[in-house]
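Understanding the architecture of this molecule
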Amino acid sequence: MRLVSGLLLATVLVVAFCRPAEGAAPTLPQPASPPIVGRVTPIASEDAKALIYQAMDLSDAGRLDESNAALDRATELTNALGKRGRNALPIIAALKARNLMRAGQFDAAETAFKQLIVEAESASGKRGNPSPLPFSSLAELYMMQGRFAEAEPLLQRSLAITERDAGKNDPATAEALNSLAVLYLKTGQTEKGLPILERILKIFQRGKSAYDRQSTADALVNLGNAYQFSGNYEKALDYFRQAYELDTKYFGPDHPNTNLALSNAGVLLGLMQRYDEAAPALETVLKQTTDRYGADNPQTAHAANNIGWVELGRNDNAKALTYLRAALATYLAHRELQKAGPNARGAAVDEREVARTILGFLNAASRLAPTDPAASAALMDEAFQAAQQVHRGKAAEALALTTARFAVGNSALAALIRERQDLAGQHRALEAALTAAFSQPAERRDLAKEAAGREQFAAMAARITQISAEIEKGFPDYARLADPKPLTVAEAQGLLGPDEALVLLAPFGGGNGEANFTFVITREGARWRAGSIGQTKLTGAVQALRCGLDVGQWATKDGRAGCLQLVGAEPDGKDLPFDADLAYHLYDELFGELAPMLAGKTLLVVAPDPLASLPFQVLVTAPQPTKFPKGEAFAKVAFLARSNAVAVLPSAAALRAAHAAAGSRAPNPYIGFGDPALVGGLDCAEPQVASACPSIGAPAAANATLVAAGAARIDSVFRGGGELADVEAVRALCPLPETALELACVAKSVDGPADSVHTGEQATVPAVLAAHLGDYRIVHFATHGLLAGEMASQDGTISEPALVMTPPSAPTAQDDGLLRASLIASMKLDADWVVLSACNTAAGLSLGGEAMSGLASAFLYAGARALLVSHWPVRTDAAVLITTSAFSHMKADPTLGRAEAIRRAMVELIDAPSGAYAHPAVWAPFAVVGESGPARL
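Owing to the predicted nature of the structure, the values given are computational and were not obtained by experimental measurement.

1. A closer look at the sheet that holds strand β6 (residues 602-606)
Ordered in space as β5-β4-β3-β6-β7-β16-β15-β14-β10-β8-β9, the 11 strands form an open sheet in which the pairing is mixed. The open sheet has two edge strands, β5 (526-530) and β9 (757-760), and neither has a second partner. Ignoring strand direction, the axes of neighbouring strands in this sheet form an average angle of 20°. Looking at chain direction, β6 and strand β7 (residues 646-648) are connected through three bridges and run parallel. Within the sheet, the bridge partner assigned to Leu 604 lies in β7 and is Ala 647. Across the sheet, helix α32 (residues 898-910) is in contact with β6, β7, β14 (833-836), β15 (866-870) and β16 (926-930); its angle to β16 comes to roughly 175°.

2. Section: the state of the cysteines
Throughout the structure, instances matching the rule amount to two disulfides. Sulfur-sulfur distance for the disulfide between Cys 547 and Cys 563 comes to 2.1 Å. A torsion of -80° about the S-S bond marks the disulfide between Cys 547 and Cys 563 as left-handed. In this pair, Cys 547 is assigned in helix α22 (residues 535-547) and Cys 563 in helix α23 (residues 557-567), connecting sequence segments 16 residues apart. For Cys 563, a relative accessible area of 2% translates into the label buried. The disulfide bridge from Cys 693 ends at Cys 745, spanning 2.1 Å between sulfur atoms. Because the sign of the S-S torsion sets the handedness, a value of about -100° for the bond joining Cys 693 and Cys 745 places this disulfide among the left-handed ones. Of this pair, Cys 693 sits in the loop between β8 (668-676) and α26 (727-731) while Cys 745 is found in helix α27 (residues 738-749), placing the two residues 52 residues apart along the sequence.

3. With respect to the environment of Ala 599
On the secondary structure map, Ala 599 appears in the loop between α24 (580-591) and β6. Since its relative accessible area comes to 57%, Ala 599 is described here as exposed. Residues Ala 599 and Asn 644, spaced 45 residues apart in sequence, show a C-alpha to C-alpha distance of 7.6 Å.

4. Structural notes on the pattern of salt bridges
Side chains that carry opposite charge are capable of pairing whenever their charged atoms lie near each other. In total, this model carries 39 salt bridges according to the counting rule given. Salt-bridge contacts for Glu 311 lead to Lys 319; the nearest nitrogen and oxygen are separated by 3.9 Å. Taking the relative accessible area as the measure of exposure, Glu 311 reaches 1% and is therefore buried. On the basis of relative accessible area, Lys 319 is assigned to the partly exposed category, the value being 31%. Residues Glu 419 and Arg 463 are paired through a salt bridge, measuring 2.8 Å at the closest nitrogen-oxygen approach. Placement of Glu 419 in helix α18 (residues 412-438) and of Arg 463 in helix α19 (residues 447-474) is noted, with a sequence separation of 44 residues between them. Among the residues examined, Glu 419 registers a relative accessible area of 30% and is labelled partly exposed. Residue class for Arg 463 comes out partly exposed when judged on its relative accessible area of 23%.

5. Re the packing of aromatic side chains
Across all of its chains, the model carries 12 aromatic pairs by this definition. An angle of 50° between the planes, with centres 5.9 Å apart, marks the rings of Phe 578 and Phe 639 as tilted. Of this pair, Phe 578 sits in the loop between α23 and α24 while Phe 639 sits in the loop between β6 and β7, and the two are 61 residues apart along the sequence. With a relative accessible area of 1%, Phe 578 lands in the buried category. Linked through ring pairs, Phe 384, Phe 508, Phe 517, Phe 519 and Trp 528 together constitute an aromatic cluster. The side chain of Arg 157 reaches across the aromatic face of Phe 135, ending 5.4 Å from its centre.

About the cut-offs
Residues numbered from 1 in each chain as written. Predicted model: local features only at pLDDT ≥ 70, side-chain atom pairs only at ≥ 80, totals over all residues. Heavy atoms only, no water. Pairing = 2+ DSSP bridges. Helix = DSSP H or I, 4+ residues; strand = E, 2+ residues; numbered from the N terminus. Axes fitted to C-alpha atoms, helices over the stretch in contact; angles between N-to-C directions. Contact = heavy atoms within 4.5 Å. Disulfide = S-S within 2.5 Å. Buried < 20%, exposed > 50% of the residue type's maximum accessible area, 1.4 Å probe, protein only. Salt bridge = Lys/Arg side-chain N within 4 Å of Asp/Glu carboxyl O. Phe/Tyr/Trp six-rings, centres within 6.5 Å; stacked < 30°, edge-to-face > 60°. Lys NZ or Arg CZ within 6 Å of the ring centre and 35° of its normal.

Given below as structure tokens:
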């Protein structure tokens, strides 16, 4: 029941019942130790009990088929006993469900655990108390998935059963207590976890068996972790050393548990800046881990990563780089081989560990580059490619639901995707089995089976690599979407135009440490810099600026209080307090000495959260005399929009596709969908719909309203669970009557016919699919955008992003009112522009969601060359003025790029004589995504 420490800057907790489980990826919990089986639920047949213990050992070793076979034989013996044997059946069923969990079949395991719990509760009191095993097992599965609120009551129930049947001081009770302590430590409730762990230690210290000795060492490690979290490093180190001494005495210096205790101590010594003590301890761990698991195993990468951070602390950057480079190569190789299928919730490689490795690598490379001019270009190239891997990891979940749908069907592509997904799942399961087998003491290892497993593992890896190559060669468009390869600096320079600059931003934060890096690449040169603050302060700055831009940030009591704390100023009437001084300091923090490289360039920006939630055109390029400008004073602010056009790319690799496509050949200019038939609720504001298209020379409407004003109850769209939306919940979203005028005005500006606008009952998912969108150069959606992070169902499933259309009377697989990213990606577009001009189609309502969350990627894959999206609810008149003005500029000058046209439209609003549009809340929400160059209108 040992917890796993291991990160020099962030400790990861994983339950491992009396087994070592150190590694980068969260390790599946081991089954409960014999005391639970023997004491809590008596088993009548000794032969069946022996088979159950054997099955548990086989499962520990990763030999799941043999474990299941032993459980099947135990079932036969138990059934032969009739009523006397039935107590064992729920235990056997729970252990088989745990094997499903270990095989990566998480959904099947969850269903089995839930059924066992229902049966246990219904039988409680009729034939004795239920086994605690289904409760604790389901809780462990939930904890692996981060569903802690659901796990806690299950663990409490398991503990109550165990205490009642085994007693308060039994080892089985200690096992149940440990799971609860793990939950508290994982959720930051150290004050609750510590006394539980102290109680566990006392229980095992009373025992005299080998099991008690090992469990005592486990408890010491767990206490060390807990005290480390609470900041009491000296006490934590003492517990780690006690565990190491106990493990060494009873199991020897090479035992996996001894290795883990030494690793914990070494990591903590690094945190304490006692690097000269930490390094030899962690080097011993690395040697033992390499000998046991092999040089290319994530366990070994984790050990190398730890030493790399210690060498960073010792300022031996060259040595640190060597360790971190090796660790990163291993992680990326495993990530490549173990791409998640549609139902794989367990990550093959822990992305937090990948990010930590990349951060260490960037730190080491940025320190080395100035000291070695001859190697600085190569170091930057390496760092640039490594930084792209952070973006790739964060986008993977949003893209997985979209790309997984391509596996459905009978095409050659679908067959290859299905084969690769199946092999990836088998590869993950086999790696877990081999890792578990390598972790066993020598007397319990089957070297012949391990050798056969290694051969099978290598064969799977070779076939996965071959399939990936076949997909990349035969289906390059799909490969660009699902598996973008990082750009080199030279490749980026070759793709950029003479007036373009690629800007890649890489912020880091949390337990990994605070840092941010900026890469700027032009045809003429390439440079990078390390900033002075990290993700936490960047998040605060972005949130403060959003308070000056998005009225929705002030809509709730908590939101208002948060904005007042961040900004220190109240709204002045309808004008929000935009902090121009902060906008300048953020610009300087990100670009600093690199700013001259931006002169005269269109910026192609790749930015993860929190920076993805901010339109870069609101950054300020020079110090300002007034912190909070008002009214016409905004026209004098040095916004980035005055000097640079900005386009956003989902990834640096998207530069390949963005510059590869030819112009649209679609025959028709425009088609638009909006104003879906929604009814709203009491929290929806009454929209004010104008009677005529706005003009920049005319006075702004005093009562101009926001598109999609009001709270969109997105969290209830999937309130029933499952894959289909609740159509009544969709219908209850706020209506958007003002978007009908917006669509009509934009259509008129590009000579679109009257029947090109589809609203109300015509704005349905089937209508979109029947419209042959590939025949239109501009495709316009003016409706709610629901992002992945906003669409969680009650069971914790994250749904894919979607656009809201008019819902049907009853949901079907073909139409539930949501135009999903996967459906969008399956369309065939030939559009130079896709306009998404309604509510937050660029980023989520909070800073937690990745920008575009798959919508942009889906449209780009479908054939769109560029999108115009919005960061917050848009004023109707501003939406019309920005789009129509940009289109007018492009019609007048066909060589003008999209991003530059939008920039000019924004400047026109800022400089409008009335001053009514100068506040960035009005003109700044729009962002160009994808191709920034010219388009055919």
